[in-house]
Amino acid sequence: MPPILYSFRRCPYAMRARLALASSRVDVELREVVLRDKPAAFLQVSPSGTVPCLLGPSGAIDESLDIMIWALRQNDPKGWLTMPNEGWDWIARADGPFKTALDRTKYASRYADSDPAEQRQEAARFLSDLDAQIDGWIFAKATIADFAILPFVRQFAFIDKPWFDQQSWPAVQAWLERFLASDRFEQIMKKYPQWQDGQPGIAFPPTLAAHPAS
């Protein structure tokens, strides 16, 4: 029986888990969760009650970066784990200060003590630094850092896409647009029906029509 992945299509954390599983070609049973209607089976195995959650022979993994690493350690045909140590620092910045600023920009009404304009500028500082780092990819080739960070840059960009497109981040903007137009992104963003207790899940990853270069 393959591992079970509880996922939610639009969640950036779940996106990056699916990206690593798709690259590794590690087969899982995907169960699409609707966050306002979480199934009992999911809540029984997820310590945090959040997606993604991977249930395998050794128990549950409910941190998205840990799921990425787990999948790529099974099989890493693109060499995503082969990157400079600095890549982990970029991921930590994205998961920490950048995500904090992103949330306080996108969901400003939830954070009455934060100024969304200031938070947007905080996020912008990270993207300016990232723009100076990217030359096609964050490093010389695609790595786990790119695909751990891209879903969150996508989420930030679509808060106000016209504003994002006007910023002086040509490398980040091209990097994101290439990702959004890729077969890989199309593959992981297929729509699936809500999973219900007792139903079979979906075999994931689906077959790619063409093998992406990244």
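These notes cover the structure that comes with them. (Residues numbered from 1 in each chain as written. Predicted model: local features only at pLDDT ≥ 70, side-chain atom pairs only at ≥ 80, totals over all residues. Heavy atoms only, no water.)

1. Comments concerning the overall build of the protein chain
Regarding its fold elements, the protein chain presents nine helices and five strands. Walking the protein chain from its N terminus toward its C terminus, one meets helices and strands in the order β-α-β-α-β-β-α-α-α-α-α-α-α-β. In terms of overall size, the protein chain behaves like a compact globule, its C-alpha atoms giving a radius of gyration of 17 Å where 214 residues would be expected to give roughly 17 Å. Buried residues in the protein chain amount to 51% of all 214 residues. Taking as baseline every contact in the protein chain between residues at least 6 positions apart, the subset at least 24 positions apart corresponds to 69%. Of the roughly 10300 Å² of accessible surface on the protein chain, a fraction of 49% belongs to carbon and sulfur atoms. Counting 24 positive and 26 negative side-chain charges, the protein chain places the averaged centre of each group 5 Å from the other. (Helix = DSSP H or I, 4+ residues; strand = E, 2+ residues; numbered from the N terminus. Rg over C-alpha atoms; globule rule 2.2 N^0.38 Å. Buried < 20%, exposed > 50% of the residue type's maximum accessible area, 1.4 Å probe, protein only. Contact = heavy atoms within 4.5 Å. Areas by Shrake-Rupley, 256 points an atom, 1.4 Å probe, with all protein chains shown as cover. Lys, Arg positive; Asp, Glu negative; His and termini not counted. Charge placed at Lys NZ, Arg CZ, Asp CG, Glu CD.)

2. Focus: helix 4 (residues 86–106)
Taking 1.5 Å per residue, 21 residues should reach 30 Å; helix 4 reaches 28 Å between its end C-alpha atoms and fits that length. For helix 4, the set of buried residues is Gly 87, Trp 90, Ile 91, Ala 94, Phe 98, Lys 99, Ala 101, Leu 102, Asp 103 and Thr 105. (Expected span 1.5 Å × (residues − 1).)

3. Examining helix 6 (residues 144–157)
In this model, helix 6 (14 residues) spans 20 Å end to end at C-alpha, consistent with the 20 Å of a helix rising 1.5 Å per residue. At Leu 150, helix 6 is deflected by roughly 30 degrees, the largest bend along its length, and proline Pro 151 occurs up to four residues later in sequence. The buried count for helix 6 comes to 13 of 14 residues, which makes it a mostly enclosed element. (Bend = angle between axes of the 7 residues up to and from the residue.)

4. Remarks on the layout of surface pockets
Size it by volume and the largest pocket reaches roughly 410 Å³. Contributing to the lining of the largest pocket are 19 residues, with Arg 10, Cys 11, Pro 12, Tyr 107 and Gln 155 lying nearest its centre. Those elements that provide at least two residues to the lining of the largest pocket are helix 1 (12–24), helix 4 and helix 6. Split into classes, the residues belonging to the lining of the largest pocket amount to twelve nonpolar, one polar and six charged. Taken as a whole, the second largest pocket encloses approximately 200 Å³ of empty space. Contributing to the lining of the second largest pocket are Phe 8, Arg 9, Arg 10, Glu 32, Val 33, Val 34, Leu 35, Arg 36, Lys 191, Tyr 192, Pro 193 and Gln 194. When grouped by side-chain class, the residues that make up the lining of the second largest pocket number six nonpolar, one polar and five charged. (1 Å grid on protein atoms, 1.4 Å probe; cavity = no way out; pocket = protein on both sides within 12 Å on 5 of 7 lines; lining within 4 Å. Points joined across faces, edges and corners; volume = space filled by probe spheres on them. Nonpolar A, V, L, I, M, F, W, Y, C, P; charged D, E, K, R; others polar.)

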